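So you can see what is in the structure, the chains are spelled out below.
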Amino acid sequence: MAKPALVQQDGAGASPQWLVSMRGVYKSFGSIDALQGVDLRLGMGEVLGLVGDNAAGKSTLTKILAGALVPDAGEIAIAGEPVRLRSPADARRRRIEMVYQDLSLCDTIDVAGNLFLGREPRRSLLGMSFLDRRRMHQSAAEILASLDIRIDNTHHVVSNLSGGQRQSIAISRAVSFDPAILIMDEPTSALAVAEVEAVLALIRRISKRGVGVILITHRLQDLFRVCDRIMVLYEGRNVAERNVGETNLEELVNLIVGGKLEAGAGRGRHDG
């Protein structure tokens, strides 16, 4: 399948076209309505903060975009093309990657092994196939260098690395698949201040490549450091959407907990 083109919002007076457009997405688990007609849009090179209280629907919505869950109803378009994402493999073919909160790293394997887990380079010798460790470590070092990630040795076992380094490896692995869309679930949780700064800088570098990033976080201060827009969910519904420069921490907290919804909620909802 050819890679979908990266599209941006059109000029003034035209209908916007988005890298991602999710419309009217519903998802229930038994008697629990996790999503009730949610919309989401994302532009090329944009960082969208997705926030809400526990059970607001953030993880459910992004897992649908990542192909890990199938919606009950709704429409999804990638680069303007309607798609059905039935599995993570479908999402990957559409250049969608997700870094989950648990990172899904193998602690007993080194940095290079984690970056290439399941797709290790191989070489043939006398008709037999062997793992090409030299090429794997060389490629791993090149990937890390391209993202300005400073890990001095790709032979380090992941269990011996800091939380920020582990997060950087998980993000690097996702980026190595050349995504157009990258979803990050709580990438700065439980990190030290310096490590948070490094991860936020990495997000900015990735978005400058034209990758659309969806950032789920409870660290609201991070949103104002790295996001272009913020979308708020409340009990499975869209509550508000704000440009970062048009809101503040107090308003976001009120929206997240469901207070003062009427004041500006109409201004916050998007048209499509």
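Position numbers for residues start from 1 in each chain and track the written sequence from start to end. For this predicted model, a pLDDT threshold of at least 70 governs which residues receive local features, and a threshold of 80 or more governs which side-chain atom pairs are given and counted, while totals over whole chains, interfaces and linings are taken from all residues. Values reported for side chains reflect all heavy atoms of the structure, with hydrogen atoms and water molecules removed beforehand.

**Student:** How would you explain the overall build of the protein if you had to name every residue and give the values?
**Tutor:** The helix and strand labels rest on DSSP assignments: H or I over at least four residues marks a helix, E over at least two residues marks a strand, and numbering proceeds from the N terminus. Looking only at helices and strands, the protein has nine helices and twelve strands in total. For the protein, with 272 residues in total, the buried portion stands at 50%. Long-range contacts, defined as pairs at least 24 residues apart, comprise 65% of the intrachain contacts of the protein with a sequence gap of at least 6. Counting only carbon and sulfur atoms, one obtains 49% of the accessible surface of the protein, whose full area is about 13100 Å². Burial classes: relative accessible area under 20% of the type maximum marks a residue as buried, over 50% as exposed, and values in between as partly exposed (1.4 Å probe, protein chains only). Only heavy atoms matter for contacts: two residues are in contact if any of them lie within 4.5 Å across the pair. In this description, accessible areas are obtained by the Shrake-Rupley approach with a 1.4 Å probe, and a residue is regarded as covered only by the protein chains that are shown.

**Student:** Got a sec to walk through the environment of Ala-91? Specific residues and values, please.
**Tutor:** Considering the arrangement of structural elements, one finds Ala-91 in helix α2 (residues 88-93). A residue is classified by how much of its surface remains accessible, and Ala-91, at 0% relative accessible area, is buried. In contact with Ala-91, not counting residues within four places along its chain, are Leu-65, Ala-66, Gly-67, Leu-85 and Ile-96.

**Student:** So, the side chain of Asp-222: which residues are in play, and what are the values?
**Tutor:** Relative to the assigned elements, Asp-222 resides in helix α7 (residues 220-226). At 2.8 Å, the side chain of Asp-222 and the side chain of Arg-219 are in polar contact. N or O atoms within 3.5 Å of each other form a polar contact, as long as, within protein, one can give a hydrogen and the other can take it, and as long as residues adjacent in sequence are counted only when both atoms are side-chain atoms.

**Student:** Help me get a handle on the sheet that holds strand β1 (residues 20-29), residues and values and all.
**Tutor:** The four strands are arranged β2-β1-β4-β5 in an open sheet whose pairing can be described as antiparallel. Edge positions in the open sheet fall to β2 (32-42) and β5 (81-83), since each of these has one partner strand only. Averaged over all pairs of adjacent strands, the angle between strand axes in this sheet comes to 30 degrees, irrespective of strand direction. The criterion for strand pairing is that DSSP finds at least two bridges linking the strands in question. Judged from the five bridges that link them, β1 and strand β4 (residues 73-78) form a sheet pairing that is antiparallel. Bridge pairing links Ser-21 to Ala-77 in β4. Along the sheet face, helix α1 (residues 58-65) touches β1, β2 and β4 and points at about 120 degrees away from the line of β1. Think of each axis as a best-fit line through the C-alpha atoms, taken over the contacting stretch in the case of a helix, with angles from 0 to 180 degrees between the N-to-C directions.

**Student:** An account of the packing of aromatic side chains is requested, with residue identities and associated values reported.
**Tutor:** Classification of ring pairs uses Phe, Tyr and Trp, with its six-membered ring standing for Trp, and accepts pairs whose centres are within 6.5 Å; under 30 degrees between planes counts as stacked, over 60 as edge-to-face, and the remaining range as tilted. Throughout the structure, instances matching the rule amount to zero aromatic pairs. The criterion is that NZ of a Lys, or CZ of an Arg, lies within 6 Å of the ring centre and within 35 degrees of the ring normal, and then a charge sits over that ring. Positioned over the ring face of Phe-177 is Arg-92, at 3.7 Å from the centre of the ring. Over the aromatic face of Phe-177 sits the side chain of Arg-119, whose NZ or CZ is 3.9 Å from the ring centroid.

**Student:** So what's going on with the side chain of Asp-110? Residues and values would help.
**Tutor:** With respect to the helices, strands and loops of the structure, Asp-110 is situated in the loop between β6 (96-99) and α3 (111-115). Buried and unpaired, Asp-110 has no salt bridge, with Arg-133 as the nearest side chain of opposite charge at 5.2 Å. In terms of polar contacts, Asp-110 uses its side chain to reach the backbone amide nitrogen of Ala-112, at 3.4 Å. Within the structure, Asp-110 has its side chain in polar contact with the side chain of His-137 (distance 3.5 Å). Leaving out residues up to four positions away in the same chain, Asp-110 has contacts with His-137, Thr-154, His-155, His-156, Val-157 and Val-158. Residues scored as charged are limited to Lys and Arg (positive) and Asp and Glu (negative), so that His and the chain ends carry no count. The term salt bridge refers to a pairing of a side-chain nitrogen on Lys or Arg with a carboxyl oxygen on Asp or Glu at a separation within 4 Å.

**Student:** Kindly report on the sheet that holds strand β3 (residues 47-51), identifying the contributing residues and their values.
**Tutor:** One open sheet holds the six strands; their spatial order is β6-β9-β10-β3-β11-β12, and the pairing between them is mixed. In the strand order of this sheet, the two ends are held by β6 and β12 (237-243), each with one partner. Here the average twist between neighbouring strands, direction ignored, is 20 degrees. With six bridges connecting them, strand β11 (residues 229-234) and β12 associate as antiparallel partners. Paired with Val-232 across the bridge in β12 is Ala-240. Where helix α5 (residues 163-175) meets the sheet, it contacts β6 and β9 (181-185), and its direction lies at approximately 170 degrees from that of β6.

**Student:** If you had to explain unusual backbone geometry to someone new, which residues and values would you point to?
**Tutor:** Positive phi values are uncommon outside glycine, yet Leu-103 reaches one of about 70 degrees. Mapped onto the secondary structure, Leu-103 falls in the loop between β6 and α3. Phi is positive for Ser-104, which is not a glycine, with a value near 55 degrees. Tracing the backbone shows Ser-104 in the loop between β6 and α3. With a relative accessible area of 43%, Ser-104 lands in the partly exposed category.

Keep in mind these numbers describe shape, not what the thing actually does.
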